[in-house]
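# Structural overview
Here is what each chain is made of, one letter per residue.
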Amino acid sequence: MTRDEVAHLARLARLAVTDSELDVFAGQLDVILGSVARVGEVAADDIPPTSHAVPLENVFRADELRPGLTPEQALSGAPASEDGRFRVPQILGEEA
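Residues numbered from 1 in each chain as written. Predicted model: local features only at pLDDT ≥ 70, side-chain atom pairs only at ≥ 80, totals over all residues. Heavy atoms only, no water.

## Topic: helix H1 (residues 3–12)
For an α-helix, the turn length of 3.6 residues means that residues three or four places apart are oriented alike. Test applied: The cut-offs for exposure are 20% and 50% of the maximum accessible area for each residue type, with area from a 1.4 Å probe on protein chains only; residues under the lower value are buried, those over the upper are exposed, and the others partly exposed. Going along the chain from the N terminus, every DSSP run of H or I of four or more residues is numbered as a helix, and every run of E of two or more is numbered as a strand. Throughout, the arc means that of the directions going from the helix axis to the C-beta atoms.
If you check which residues of H1 are buried, you get Val 6, Ala 7 and Ala 10. Buried residues in H1, looked at end-on, bunch into an arc of 100°, giving them a common side. Exposed and oriented more than 90 degrees from the buried face of H1 are Asp 4, Arg 11 and Leu 12. Two residues or fewer after H1 comes Arg 14, characterised by a positive phi angle close to 55°.

## Side note on the pattern of salt bridges
When their charged atoms lie close together, side chains carrying opposite charge are able to pair. Rules: Salt bridge, as applied in this entry: a Lys or Arg side-chain nitrogen positioned within 4 Å of an Asp or Glu carboxyl oxygen.
This model, assessed by the stated rule, comprises three salt bridges. Put simply, Asp 23 and Arg 3 hold a salt bridge, and the shortest N to O gap is 2.7 Å. Of this pair, Asp 23 sits in helix H2 (residues 19–42) while Arg 3 sits in helix H1, placing them 20 residues apart in sequence. For Asp 23, a relative accessible area of 45% puts it in the partly exposed group. Across the pair Arg 87 and Glu 82 runs a salt bridge whose closest N-O atoms are separated by 2.8 Å. According to the relative accessible area criterion, Glu 82 is partly exposed, its value standing at 39%. Ionic contacts of the salt-bridge type, sharing partners, join the residues Arg 3, Asp 19 and Asp 23 into one network.

Spelled out as structure tokens, the structure:
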């Protein structure tokens, strides 16, 4: 990656980069791009893409209907309730 390309990327990202940083970043980005290119060379067509090194499988439990709280039970510990709902202090102003 050239110094001019790094300067262009910095402008696109709206980053203030000094001249000395341009040289450092050019070298670092060149190493990173080279590493990514090497990974691309290793990937073969006969190897399926994976997200994990070992096979994983999600285990879901079956959905079971269970009894829940009645509205009265849910509101029994509330400091204030109104019309079967929790009453809380207003935090936003009225909209016009």
